[in-house]
Amino acid sequence: MPEFSAPVPPEEVLRLDDPQSGLSGVIVIHSTALGPAAGGCRFHRYASDADAVTDALRLAEGMSYKNALAGLPLGGGKAVVRMPDGPFDRTALFRAFGRAVASLGGRYVTAEDVGTSVSDMQCVADSTRHVAGLPARVGAAGGDPSPWTALGVLRSMEVAVQRHLGASLSDVTVAVQGLGHVGFALCEQLHDAGARLVVAEPRAEVAAEAARRFGASVVASEELVSAKAEVFAPCALGGVLDAVAVERIQAAVVCGAANNQLASPAQGDALLARGILYAPDYVVNAGGIINVAAEHLGWGVDEARARVEATGERLAAVLDHAAAERIAPHAAADRLARAAIARAPRQPGLAA
Ligand code: NAD
């Protein structure tokens with residue numbers, strides 16, 4: 001009988017080392033229990049190989065849980081490529097990365113992540129078909145995943161605000177941290193839903209645009225966490241919910257797109273102790289990977305939209321489990337994801 005709440009160890013770690021192109025890094029296949037391991041390729045400067053591997057292991061495990069709870073027929077994986085110190089040929093580097101992905105025979109499917117773009121994925125596609133995040137074809141899913149991520153966060157926020165405050169979005173103020181690809185789209189959708197907005201964004205011209213278009217109040221980032229708002233929506237950085245922030249939050253609900261919002265699981269428990277509803281990040285921000293999955297698996301736009309629209313229902317199931325088990329929502333999400341992975345039948349030709 002598997003222990004449903006036990007962490008799942010990675011299935012495979014492939015070191016990337018191609019001196020000719022400068023490719024160096026790692027692909028982690030965390031789990032193929034539910035299908036090919038899917039997760040983006042991060043391109044970033046790391047101080048050491050060990051740092052890159054640690055990041056990839058953590059991110060790949062997160063993708064397994066995100067994909068499992070999103071109900072996708074995909075496992076979890078991640079690639080981390082170290083940005084070379086000196087000059088390099090970006091096309092050659094991502095083609096070499098594509099050859100590494102191809103060598104895994106479909107056990108890992110890549111896409112964009114921090115530091116990689118559609119044009120990088122087009123280079124990867126020169127070497128392998130196990131890549132998504134390519135330009136969308138008419139009527140098919142694909143293209144920029146960010147508006148889909150924002151839509152999933154919006155649906156989740158509706159559920160969280162209703163359950164915790166008995167209110168709808170038109171009754172509340174939402175504090176949005178970071179007006180990038182997801183944050184700005186979220187503000188647009190929240191404005192359409194009648195919510196009031198207070199925002200923080202270091203790019204002053206983008207913040208001014210949100211003030212002009214959505215009537216948002218603009219504050220400094222360090223003030224946003226304690227801004228007077230019912231909902232705090234982190235859409236910029238990971239680790240934003242540290243011990244200090246958790247004490248300062250004025251909002252009753254935390255629901256946003258940023259990955260790895262909790263500095264540590266202890267902060268999830270601390271939020272619960274303060275009576276603040278934390279909507280687990282990887283449950284609510286799955287819209288982007290759903291869009292990537294739809295592209296890779298050949299689903300139409302309608303199927304992708306229906307699955308993203310259902311994000312709020314998936315959050316409700318996690319919150320029900322948390323309430324029934326008297327545990328914090330982040331712990332409930334991990335438990336349910338590990339249980340889904342443990343229950344999965346072996347994938348022929350995938351799982352070892
Ligand atoms: P982005 O880089 O487009 O946007 C991030 C924004 O945050 C930028 O506008 C940046 O100026 C701003 N920012 C940086 N530091 C800030 C600070 N201290 N205070 C306020 N704003 C700050 O990234 P994105 O694609 O919009 O993703 C946002 C977050 O959501 C990331 O954590 C990402 O990992 C996560 N996420 C994104 C997607 C997606 O579909 N793009 C999917 C899942 C999760």
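Note: the structure precedes this text.
To keep things clear, this report deals only with the structure shown in the data block. (Residues numbered from 1 in each chain as written. Predicted model: local features only at pLDDT ≥ 70, side-chain atom pairs only at ≥ 80, totals over all residues. Heavy atoms only, no water.)

### Regarding the pairing of strand β10 (residues 231-234)
Here is step 1 of the chain: Judged by which residues are buried, β10 turns out to be covered on both faces: Val-231 and Ala-233 on one side and Phe-232 and Pro-234 on the other are all buried.
Here is step 2 of the chain: Pairing of β10 with strand β11 (residues 253-254) involves two bridges; the strand directions are parallel. Within β11, the position partnered with Val-231 by the bridge is Val-253. (Buried < 20%, exposed > 50% of the residue type's maximum accessible area, 1.4 Å probe, protein only. Helix = DSSP H or I, 4+ residues; strand = E, 2+ residues; numbered from the N terminus. Pairing = 2+ DSSP bridges.)

### Concerning the site of the ligand
Here is step 1 of the chain: Surrounding the ligand, one finds 22 residues, the nearest of these being Thr-149, His-181, Val-182, Glu-201 and Ser-221.
Here is step 2 of the chain: Here an oxygen atom of the ligand sits 3.4 Å away from a polar atom, N or O, in the main chain of Gly-180.
Here is step 3 of the chain: Expressed as a share of its isolated accessible area of 830 Å², the protein-covered part of the ligand is 74%.
Here is step 4 of the chain: Across the shell around the ligand, the residue classes break down as 10 nonpolar, nine polar and three charged. (Near = heavy atom within 4 Å. Polar contact = N/O pair within 3.5 Å; in protein donor to acceptor, adjacent residues only side chain to side chain. Areas by Shrake-Rupley, 256 points an atom, 1.4 Å probe, with all protein chains shown as cover. Nonpolar A, V, L, I, M, F, W, Y, C, P; charged D, E, K, R; others polar.)

### A look at the packing of helix α12 (residues 301-309) against helix α13 (residues 311-325)
Here is step 1 of the chain: The geometry of α12 relative to α13 is characterised by a closest axis approach of 4 Å and an angle of 35° between their N-to-C directions. Of the residues in α13, those in contact with Arg-307, Val-308 and Glu-309 of α12 are Thr-311, Gly-312 and Arg-314. (Axes fitted to C-alpha atoms, helices over the stretch in contact; angles between N-to-C directions. Contact = heavy atoms within 4.5 Å.)

### Concerning the packing of aromatic side chains
Here is step 1 of the chain: Scanning all chains against the criterion turns up five aromatic pairs.
Here is step 2 of the chain: Seen in terms of ring centroids, Tyr-65 and Tyr-282 are 6.3 Å apart; in terms of plane orientation they differ by 50°. Their pairing is tilted. Of the two residues, Tyr-65 sits in helix α1 (residues 49-69) while Tyr-282 sits in helix α10 (residues 281-284), which places them 217 residues apart along the sequence.
Here is step 3 of the chain: You can call Tyr-65 buried: its relative accessible area is 4%.
Here is step 4 of the chain: Ring centres of Phe-94 and Phe-97 lie 6.4 Å apart, and the angle between their planes is 85°; this geometry places the pair in the edge-to-face category. Of this pair, Phe-94 and Phe-97 both sit in helix α2 (residues 90-103), three residues apart, which is roughly one turn of that helix.
Here is step 5 of the chain: Stacked on the ring of Trp-299, the Lys or Arg Arg-307 has its end atom at 4.1 Å from the ring centre. (Phe/Tyr/Trp six-rings, centres within 6.5 Å; stacked < 30°, edge-to-face > 60°. Lys NZ or Arg CZ within 6 Å of the ring centre and 35° of its normal.)

### A closer look at the environment of Ala-251
Here is step 1 of the chain: With respect to the helices and strands, the residue Ala-251 is situated in the loop between α8 (243-248) and β11.
Here is step 2 of the chain: Separated by 77 residues in the primary sequence, Ala-251 and Val-174 have C-alpha atoms spaced 8.6 Å apart.
Here is step 3 of the chain: Residue contacts for Ala-251: discarding those within four places in its chain leaves Ala-229, Glu-230, Val-231, Phe-232 and Ile-276.

### Considerations on helix α11 (residues 287-297)
Here is step 1 of the chain: Burial analysis of α11 places nine of its 11 residues in the buried class, the great majority of the element.
Here is step 2 of the chain: When α11 is considered as a whole, its buried residues turn out to be Gly-287, Gly-288, Ile-289, Ile-290, Asn-291, Val-292, Ala-293, Ala-294 and Glu-295.
Here is step 3 of the chain: Contacts made by the buried residues of α11 are with α1, α4 (146-165), α12 and α13.
Here is step 4 of the chain: Downstream of α11 by a residue or two, Gly-298 has a phi angle that is positive, lying close to 80°.

### What to know about the nonpolar core
Here is step 1 of the chain: The biggest cluster of nonpolar side chains holds 74 residues, and the ones touching the most others in it are Met-157, Val-174, Val-176, Leu-186, Leu-190 and Leu-197.
Here is step 2 of the chain: Sort the elements by how many residues they give to this core and α4 lands first, with nine residues.
Here is step 3 of the chain: Those residues within four positions of Met-157 in sequence are excluded, and the remaining contacts are Leu-169, Val-174, Leu-186, Leu-190, Val-231, Ala-233 and Cys-255.
Here is step 4 of the chain: Counting residues in each nonpolar core, the second largest holds 21 residues, with Phe-43, Leu-93, Met-121 and Val-131 among its members. (Core = buried A, V, L, I, M, F, W, Y, C linked by side-chain atoms within 4.5 Å.)

### Looking at the sheet that holds strand β9 (residues 217-218)
Here is step 1 of the chain: Read from one edge to the other, the open sheet built from six strands follows the order β9-β8-β7-β10-β11-β12, with strand pairing classed as parallel. A single partner strand is all that each edge strand has here, and the edge strands are β9 and β12 (277-278).
Here is step 2 of the chain: One ladder, built from two bridges, connects strand β8 (residues 196-200) with β9; its direction is parallel. What sits directly across from Val-198, in β9, is Ser-217.

Just geometry here; none of it tells us what the structure is for.
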